[in-house]
Amino acid sequence: MNPIGPRGVYDEAKRFAEAITFAYHRYHKINTKIVRIFNTYGPRMRINDGRVVPNFIYQALHDQPLTVYGNGQQTRSFCFYSDLIEGVVRLLYAPIHGPVNVGNPYEFTILEFARLVIKLSRTKSKIVFKPLPTDDPKQRQPDISLAKKYLKWEPKVKLEEGLQETIQWFSNNSN
Ligand code: UDP
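Residues numbered from 1 in each chain as written. Predicted model: local features only at pLDDT ≥ 70, side-chain atom pairs only at ≥ 80, totals over all residues. Heavy atoms only, no water.

## Some words on the environment of phenylalanine 38
Along the chain, phenylalanine 38 turns up in the loop between β1 (34-37) and β2 (40-41). Setting aside residues up to four positions removed in sequence, phenylalanine 38 forms contacts with Asn101, Val102, Gly103, Arg140 and Pro142. (Helix = DSSP H or I, 4+ residues; strand = E, 2+ residues; numbered from the N terminus. Contact = heavy atoms within 4.5 Å.)

## Considering the packing of aromatic side chains
Scanning the model with the defined rule gives 9 aromatic pairs in all. Here the aromatic rings of tyrosine 41 and phenylalanine 78 are separated by 6.3 Å at their centres, their planes lie at 85 degrees, and the arrangement is edge-to-face. Taken together, the residues span a long stretch of sequence, with tyrosine 41 in strand β2 and phenylalanine 78 in the loop between β4 (75-76) and β5 (79-80) at a distance of 37 residues. Like phenylalanine 78, tyrosine 41 is buried. (Phe/Tyr/Trp six-rings, centres within 6.5 Å; stacked < 30°, edge-to-face > 60°. Buried < 20%, exposed > 50% of the residue type's maximum accessible area, 1.4 Å probe, protein only.)

## Concerning the packing of helix α2 (residues 52-61) against helix α4 (residues 110-121)
Two quantities define a packed helix pair, namely the angle between the helix axes and the distance between the axes. Look at α2 against α4: their axes get within 10 Å of each other, and the N-to-C directions meet at 40 degrees. Classified by the interaxial angle, the pair formed by α2 and α4 is oblique. Seen from above, α2 lies across α4 with right-handed handedness. Residue-level contacts link Val52, Val53, Phe56, Ile57 and Ala60 of α2 to Ile110, Phe113, Ala114, Val117 and Ser121 of α4. Class assignment for the residues of the contact of α2 with α4 results in 9 nonpolar, 1 polar and no charged. (Axes fitted to C-alpha atoms, helices over the stretch in contact; angles between N-to-C directions. Parallel < 35°, antiparallel > 145°, perpendicular 65-115°, else oblique. Left-handed = near helix turned anticlockwise from the far one by under 90°. Nonpolar A, V, L, I, M, F, W, Y, C, P; charged D, E, K, R; others polar.)

## As for the side chain of asparagine 101
Among the structural elements, asparagine 101 can be located in strand β6 (residues 99-102). Polar contacts involving the side chain of asparagine 101 include one to the main-chain carbonyl oxygen of aspartate 143, which spans 3.0 Å. Apart from the residues within four sequence positions on either side, asparagine 101 is in contact with Arg36, Phe38, Pro142, Asp143, Ile144 and Ala147. (Polar contact = N/O pair within 3.5 Å; in protein donor to acceptor, adjacent residues only side chain to side chain.)

## Brief notes about the environment of aspartate 136
Mapped onto the elements, aspartate 136 comes out in the loop between β8 (127-130) and α5 (145-151). Residues aspartate 136 and glycine 70 lie 66 residues apart in sequence; the distance between their C-alpha atoms is 9.4 Å. For aspartate 136, the residues in contact, after removing those within four places along its chain, are Gln74 and Arg76. Of the polar contacts made by the side chain of aspartate 136, one reaches the side chain of arginine 76; its length is 3.4 Å.

And the structure:
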């Protein structure tokens with residue numbers, strides 16, 4: 001994390017929100033929870049929010065080339081919305097106040113992800129490579145050992161399954 005980089009305000013805002021939340025817990029004894037949400041996806045995402053899941057699905061459904069940024073070797077791990085909700089609800093009822101990661105640790109490259117979207121949507125789309133945005137993390141994968149231990153939680157929905165449902169939803173609901 002670079003506090004004066006282009007994403008500095010975003011990173012710092014999250015760090016500050018956690019600190020102030022914990023201060024409320026400590027000082028006012030409020031039953032606060034801090035969940036660290038990682039990349040999440042599913043039906044009803046905004047198609048034009050610029051993130052990789054809606055971008056690739058939109059492009060695939062319109063037979064447009066999928067825009068992979070950089071060489072596509074950066075990794076991400078995506079959590080299906082229903083898994084995330086289950087993790088958040090369990091945290092609400094657990095006696096934990098420190099930050100807990102809720103995300104999917106199953107990691108793959110963006111290039112692999114693009115190929116999977118192409119396969120599942122049976123599109124004619126090809127892959128094109130575009131410049132990598134500044135400060136794009138090389139890897140993002142949550143360590144969910146706290147959630148496993150204290151919430152008895154881990155994601156259940158496999159990427160292929162969740163992606164299939166998401167693509168289906170977009171093909172029925174967007175134009
Ligand atoms: N990405 C991509 N093509 C796109 C949109 C995003 O290759 O059309 C890449 C982006 O550079 C990043 C990854 O996919 O490496 C995930 O991007 P997103 O914005 O969805 O999430 P974040 O970077 O916040 O994890």
